[in-house]
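Take a look at the letters that make up each chain.
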Amino acid sequence: MTYERERALICELGRRMWTRGWVAANDGNLSIRLPGGRILVTPAGVSKGFLSPGMLLVTDLEGRVLEGAEDLRPSSETPLHLMCYRARPDVGGVCHAHPPAATAFACARLPLDRPVLGEVLMTLGEVPVAPYGQSGTEELPRAVEPLVRTHDAVLLSNHGALTVGPGLEQAYWRLETVEHTAEILWRLRALGGGVELTPEQAAALRGGK
Ligand SMILES: [Zn+2]
């Protein structure tokens, strides 16, 4: 089988997303950029908690299947992943899931942009909410593309979260940070909102973000 290491990584991170309750049933999708303008992507209709290496598909950057089991097709959100790779040559991995706290912010159309968590400002920056685009159609990548060009994590209106990274591990860590941040901001609301950093403190942490 080709790309054994990459296939094993997608299966492992899919299991983590499912175990953490970030995907229900067959939700969510993961991909890795391969050499030669190809990607390795999860199949449609399979739980991310029960992936095996042979279920993953290799496509080109137009979404044409180059390798894969006959009875499987690429995730319906493959166009969303392809958009990330086309828009950002620096991106090597993409994660999409429906983590509950982040997805609640996405449904309320609230960005994760309050300057309260210093380390998040340093590492991830602000997480904006993309305009609504219908899942599984070209409308979704069109709605998200302008924000992916300048952000490594984006909330998808009334849907979920999308993260990118130089590799899939980094994209996955960013998804963890997004959900952790959403959980904390949610709890802060119950505590009266918390105390924001001053503009000077926030600017010092943001650096290049
Ligand atoms: Zn989704």
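Residues numbered from 1 in each chain as written. Predicted model: local features only at pLDDT ≥ 70, side-chain atom pairs only at ≥ 80, totals over all residues. Heavy atoms only, no water.

## Some details on the pairing of strand E3 (residues 57–60)
The alternating pattern of E3 places Leu57 and Thr59 on one face and Val58 and Asp60 on the opposite face, and all of these are buried. In this sheet, E3 lies alongside strand E2 (residues 38–41) in antiparallel orientation, the contact comprising 4 bridges. If you follow Arg38 over to E3, its bridge partner there is Asp60. Bridge count for E3 against strand E4 (residues 65–67) is 2 bridges, and the pairing is antiparallel. Residue Val58 lies in a different strand from E4, and its bridge partner there is Glu67. Where E3 folds back onto E4 in an antiparallel hairpin, the turn is made up of 4 residues, including Gly63, whose phi is positive at roughly 90°. (Buried < 20%, exposed > 50% of the residue type's maximum accessible area, 1.4 Å probe, protein only. Helix = DSSP H or I, 4+ residues; strand = E, 2+ residues; numbered from the N terminus. Pairing = 2+ DSSP bridges.)

## Some remarks on the sheet that holds strand E7 (residues 153–156)
Strand order in the open sheet formed by 8 strands is E4-E3-E2-E1-E5-E8-E7-E6, with mixed pairing between adjacent strands. Each edge of the open sheet is held by one strand with a lone partner, namely E4 and strand E6 (129–130). Both strand E5 (residues 93–97) and strand E8 (residues 160–165) contribute to a ladder of 5 bridges, which runs antiparallel. Counted as the bridge partner of Cys95 is Thr163 from E8. Where helix H1 (residues 4–19) meets the sheet, it contacts strand E1 (29–34), E2, E3, E4 and E5, and its direction lies at approximately 155° from that of E1. Helix-sheet contacts for helix H2 (residues 78–87) involve E1, E2, E3, E5, E7 and E8, and the interaxial angle to E1 is about 40°. (Contact = heavy atoms within 4.5 Å. Axes fitted to C-alpha atoms, helices over the stretch in contact; angles between N-to-C directions.)

## A word on the coordination of the zinc ion
Taken together, the protein donors to the zinc ion comprise His96 (NE2), His98 (NE2) and His159 (NE2), at separations of 2.0 to 2.1 Å. One chain supplies every donor to the zinc ion, and in sequence these donors are spaced H-x1-H-x60-H. Here His96, found in strand E5, pairs with His159, found in the loop between E7 and E8; they are 63 residues apart in sequence, far enough to count as distant. Residue His96 is classed as buried on the basis of its relative accessible area, which comes to 1%. (Donors = N, O, S within 2.8 Å, 3.2 Å for Na, K, Ca; no water.)

## Observations concerning empty space enclosed by the protein
All told, the structure shown has 1 cavity of 30 Å³ or more when counted by the stated rule. There is about 80 Å³ of room inside the largest cavity. Forming the walls of the largest cavity are Leu112, Asp113, Arg114, Val116, Leu117, Val120, Leu121, Gly125, Val127, Thr181 and Leu185. Counting residues per element, the ones that place at least two in the lining of the largest cavity are helix H4 (118–123) and helix H6 (168–190). Here the lining of the largest cavity is built from residues that sort into 7 nonpolar, 2 polar and 2 charged. (1 Å grid on protein atoms, 1.4 Å probe; cavity = no way out; pocket = protein on both sides within 12 Å on 5 of 7 lines; lining within 4 Å. Points joined across faces, edges and corners; volume = space filled by probe spheres on them. Nonpolar A, V, L, I, M, F, W, Y, C, P; charged D, E, K, R; others polar.)

## A short note on the side chain of His81
Secondary-structure assignment places His81 in helix H2. The class for His81 is buried, based on a relative accessible area of 0%. There is a polar contact of 2.7 Å between the side chain of His81 and the side chain of Asn29. If we skip the residues at most four places from it in the chain, His81 touches Asn29, Leu30, Ser31, Val94 and His96. (Polar contact = N/O pair within 3.5 Å; in protein donor to acceptor, adjacent residues only side chain to side chain.)

By themselves these figures say nothing about function.
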